Amino acid sequence: MLGVGLLVLGLAAAAALTLTAFRKNLMNFYTPSDLVARQVPPQETMRIGGLVLRDSLKRGDGLRVEFTLADCTQSLPVRYEGILPDLFREGQGIVATGSLTADRVFIASEILAKHDENYVPPQLADSLKTAGGHSCEPFKPVTKG
Amino acid sequence: MSAELGHFALILALAISAVQVLSGLWRGNSKMTALATTAAQAQFGLMLAAFVLLGICFVQYDFSVAYVAANSHTDTPLIYRMTAIWGAHEGSMLLWVLMLSGWTFAVSVFNRRLPPEMVAQVLAVLGVVTAGFLLFMLLTSNPFDRLFPVPAEGRDLNPLLQDPGMIIHPPMLYMGYVGFSVAFAFAIAALLSGRLDAQWVRWTRPWTTAAWAFLTLGITLGSWWAYHELGWGGWWFWDPVENASFMPWLVGTALIHSLAVTEKRDALKAWTVLLAILAFALSLLGTFLVRSGVLVSVHAFASDPERGVFILGFLALVIGGSLSLFAWRASRLMSATEMQLVSREGLLLFNNVFLLVAASAVLLGTLYPLALDAFNLGKISVGPPYFNAVFVPLAAPLTLLVGFAAAMPWKRGSGEILRRLRSPAAFALVAGAALPLFYSHYSFAAALGAMLAFWTMSAATQEIIQRTRAGGLPSIPRSLWGMSLAHFGLGLFTLGITIVSCYAAERDERLAPGASAQLGGYEFTLQKVESVSGPNYSADRAHVAVERSSRSFTLRPEKRLYASQNSVMTEAAVDHNLLRDVYVALGEPFDNGDWSLRLYYRPMMRLVWLGGLLAFLGGLIATADRRYRKST
């Protein structure tokens with residue numbers, strides 16, 4: 001009887017623990033247009049996906065970089081300090097984890113890019129409404145290599 | 001020619017699997033039973049032939065085969081052309097089915113103790129799974145499809161996979177994954193026949209333990225590969241593809257423990273059968289997740305909705321069918337054995353609950369984002385913080401239990417074991433409390449983790465010492481050696497994770513040639529960066545001198561460009577011993593000649609994989625226990 005009681009208690013604790021952790025650690029995924037369209041509370045950790053605007057990459061002191069992330073209609077400045085992934089290139093799709101500041105600059109803590117020069121994050125491909133590739137200005141044409 | 005033969009072998013294998021199923025289900029006719037055995041063995045021969053034929057296509061640069069053209073290049077070294085066989089979707093399915101037919105073959109050979117009726121049923125169930133996967137390959141993912149016009153040059157294997165870790169990781173992982181199909185088939189046979197006694201468990205246990213051991217090794221190798229090949233020094237990312245192999249591992253671990261209870265105490269029968277079904281169901285789910293392209297992940301190289309729908313349908317059929325069978329027949333397996341909380345079986349029940357809760361939490365975190373996305377309810381991701389927050393509080397008490405459970409007698413425990421465990425416990429408390437003193441600062445989390453780890457290791461050692469005193473070394477059965485070794489491995493693993501999570505240091509640095517940076521007491525100096533070339537890539541190679549208290553060595557990380565795929569790869573350089581890893585990865589060049597570098601100091605990193613390796617060896621040793629080869 002004691003065993004069953006302990007077990008039930010343990011399971012309840014585990015369930016509570018799991019659900020709390022779950023709620024605290026969900027990250028929403030947005031595109032630059034989403035961020036303009038809706039009010040995202042600053043400091044919320046989220047992921048954003050978009051294309052790196054051509055000629056927007058600026059390097060600062062040390063490992064500081066700044067670039068513009070855009071989709072077909074909106075854009076957003078992103079700041080990051082660290083090493084960019086191997087396949088980070090201008091004109092290419094990336095996903096960044098981080099949060100927005102009050103003046104709508106995205107501070108990234110992590111940047112992900114895929115090992116394929118034609119890669120577009122699937123979430124982004126959906127929002128661009130193009131099958132597999134990205135064809136909208138200002139990213140056209142996407143030159144290979 | 002090889003491609004046509006290979007394709008033909010697959011078709012023939014499909015036809016033979018149908019024979020295997022029908023003859024296996026035919027009751028009460030010994031000729032039919034013998035036919036099922038022959039079919040299973042022919043099946044394995046055909047799959048082996050198909051596999052070798054695909055290998056021949058790679059060796060001969062046969063770019064008229066679409067799969068070969070997509071995954072090799074005339075410059076690809078021979079070893080990577082061989083491993084390209086399982087480097088992408090079609091070939092890895094071929095490996096999957098080869099493993100399945102290999103396990104089936106093993107069952108058809110090592111079964112002298114089993115009643116023929118049982119063998120036939122087990123082979124029939126395995127035949128159904130084989131047929132499903134063969135049909136899947138032939139309809140949606142045939143590795144032997146031709147490509148016209150024939151390209152002059154292939155596209156090369158994904159550079160991420162051109163690594164020694166990748167040679168052996170997928171075969172071991174699949175061996176484990178697929179191996180749970182045997183436990184599954186035994187469970188279904190038990191449901192069909194209503195026979196589940198200690199004898200049944202003795203047949204099932206070695207198969208399950210062997211599958212579990214290979215899965216353990218596969219996951220360990222995968223972690224090691226990710227650590228040095230994905231470039232950025234992580235060893236576990238809670239990536240959905242990792243979770244896909246981790247969930248069957250958790251349930252499989254629960255299964256090998258509940259099988260022990262069923263064998264010794266004739267209890268938890270229906271639960272054991274359910275776990276066997278779940279472990280295999282999760283293996284299938286893992287295959288679906290990885291192979292359907294539903295995940296956004298470095299592992300999901302294939303994406304094709306047709307494939308996803310097929311596997312999902314097959315998944316629904318197998319899991320739905322077996323759970324329905326379970327619901328219908330499980331009541332026959334109920335047993336009325338009384339259970340004491342303070343007994344080995346009582347503690348093992350706790351082990352099962354913890355493992356199942358952990359598996360459910362991982363399942364939730366893995367599937368929830370996919371489900372939301374599928375129903376267009378938004379796009380979210382669940383990051384590592386969730387998994388860590390849930391997993392650590394579940395794993396810690398589980399690790400604490402291990403030492404007690406292994407020492408506790410069956411049926412009813414007594415205070416006597418507490419006295420026996422006094423010295424391991426005292427050792428663990430002192431050693432655990434002392435260990436953080438050797439590091440840069442005292443961390444209580446590290447002390448607690450180290451206490452748990454030392455406790456598990458010393459309790460496992462104590463068990464062996466105790467038995468040696470009682471009856472001498474030769475009296476110790478292999479199953480006890482295996483268990484103690486695996487538990488010792490768990491302790492090492494815990495120690496590794498604890499120290500590396502508490503004391504690892506990392507830093508991104510921008511260095512000019514000749515400049516230095518400090519980390520973890522080491523001084524890193526970028527001496528020079530030179531250009532080198534490999535068989536199918538060109539690279540920048542840095543020379544980084546690492547120095548600490550007059551001991552020094554040089555690390556040479558590379559940045560490789562694989563021209564045929566136009567992709568850049570980071571090849572990290574690691575200097576390691578049991579106490580620490582020093583890891584340098586090369587970032588990007590700057591216009592003024594500077595380079596960015598990522599530096600890591602990771603104490604006790606190796607113990608994480610060494611622990612996994614010991615668990616694998618423990619599993620193998622336990623599989624070889626004499627008890628399983630006796631007929632009574």
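Residues numbered from 1 in each chain as written. Chains lettered and ligands numbered in written order. Predicted model: local features only at pLDDT ≥ 70, side-chain atom pairs only at ≥ 80, totals over all residues.

Here we look at the overall build of chain A
A tally of regular secondary structure across chain A gives three helices and seven strands. Residues classed as buried in chain A amount to 32% of the 145 residues present. For chain A, restricting intrachain contacts to residue pairs at least 6 apart in sequence, the fraction spanning at least 24 positions comes to 51%. (Helix = DSSP H or I, 4+ residues; strand = E, 2+ residues; numbered from the N terminus. Buried ≥ 20, exposed ≤ 12 C-beta atoms within 10 Å, placed from the backbone. Contact = placed C-beta atoms within 7 Å.)

Let's talk about the overall build of chain B
Within chain B, the regular secondary structure consists of 18 helices and 11 strands. The C-alpha radius of gyration computed for chain B amounts to 26 Å, which stays within 12% of the reference 26 Å derived for 632 residues, consistent with globular compactness. Principal-axis analysis of the C-alpha atoms gives chain B an extent of 80 × 75 × 55 Å. In chain B, 75% of the contacts between residues at least 6 apart in sequence involve partners at least 24 apart. (Rg over C-alpha atoms; globule rule 2.2 N^0.38 Å.)

Focus: the confidence of the model for chain A
All names here are of chain A. Counting all residues, the mean pLDDT for chain A is 76, and 76% of those residues have values of 70 or more. Here residues 115–119 scores under 50 on pLDDT; set against residues more than four positions off or in separate chains, the count is nine contacts. The low-confidence segment residues 129–135 (pLDDT under 50) makes 12 contacts with residues lying over four places distant or belonging to another chain. (pLDDT = per-residue confidence, 0-100.)

Examining the environment of Thr366 of chain B
Residue and element names in this part refer to chain B. Following the sequence through the fold, Thr366 ends up in helix 12 (residues 344–374). Between the C-alpha atom of Thr366 and that of Trp238, which follows or precedes it by 128 residues, the distance is 8.8 Å. If near-sequence neighbours (up to four positions away) are discounted, Thr366 is found in contact with Pro240 and Asn243.

A few points about the interface of chain A and chain B
Across the boundary between the two partners, chain A contributes 30 residues, which contact 33 residues of chain B. Among the elements that line the side of chain A that touches chain B, the one with the most residues is helix 1 (residues 2–24) of chain A, at 10 residues. Looking at the side of chain A that touches chain B, its residues break down into 16 nonpolar, 10 polar and four charged. With three bridges connecting them, strand 1 (residues 26–30) of chain A and strand 1 (residues 380–382) of chain B associate as antiparallel partners. Following the sheet pairing, Leu26 of chain A is matched in strand 1 of chain B by Val382 of chain B. (Nonpolar A, V, L, I, M, F, W, Y, C, P; charged D, E, K, R; others polar. Pairing = 2+ DSSP bridges.)

Looking at the packing of helix 1 (residues 2–25) of chain B against helix 2 (residues 30–59) of chain B
Residue and element names in this part refer to chain B. The geometry of helix 1 relative to helix 2 is characterised by a closest axis approach of 8 Å and an angle of 160° between their N-to-C directions. As judged from the angle between their axes, helix 1 and helix 2 are roughly antiparallel. Relative to helix 2, the crossing made by helix 1 is left-handed. Grouping the constituent residues of the contact of helix 1 with helix 2 by class yields 22 nonpolar, seven polar and no charged. (Axes fitted to C-alpha atoms, helices over the stretch in contact; angles between N-to-C directions. Parallel < 35°, antiparallel > 145°, perpendicular 65-115°, else oblique. Left-handed = near helix turned anticlockwise from the far one by under 90°.)

Describing the pairing of strand 11 (residues 595–603) of chain B
Residue and element names in this part refer to chain B. Of all nine residues making up strand 11, eight are buried, and the element is well covered by its neighbours. With seven bridges connecting them, strand 2 (residues 505–511) and strand 11 associate as antiparallel partners. Bridge pairing in strand 11 places Glu506 opposite Tyr600. As defined by bridge partners, strand 10 (residues 580–589) adjoins strand 11 across eight bridges and the pair is classed as antiparallel. For Asp581, the partnering residue across the bridge sits in strand 11 and is Arg602. Connecting the antiparallel pair strand 10 and strand 11 is a turn made up of five residues, with Gly593 showing a positive phi of about 95°.

Some points on the nonpolar core
Buried together is how nonpolar side chains tend to be arranged in soluble globular proteins. With 192 residues, the main nonpolar core has Ala183 and Ala276 of chain B as its most contacted residues. With 18 residues, helix 7 (residues 164–193) of chain B is the largest single contributor of residues to this core. Setting aside residues no more than four positions away along its own chain, Ala183 of chain B makes contact with Thr204, Trp207, Thr208, Ala211, Leu255, Ala276, Ala279 and Phe280 of chain B. Listed in part, the 23 residues of the second largest apolar core include Phe29, Met46, Ile48 and Phe67 of chain A. (Core = buried A, V, L, I, M, F, W, Y, C linked by C-beta atoms within 7 Å.)

Notes on the environment of Glu506 of chain B
Residues and elements named next belong to chain B. Topologically, Glu506 is positioned in strand 2. Sequence-wise, Glu506 and Arg598 are 92 residues apart; in three dimensions their C-alpha atoms are separated by 7.3 Å. In contact with Glu506, not counting residues within four places along its chain, are Gly233, Arg598, Leu599 and Tyr600.

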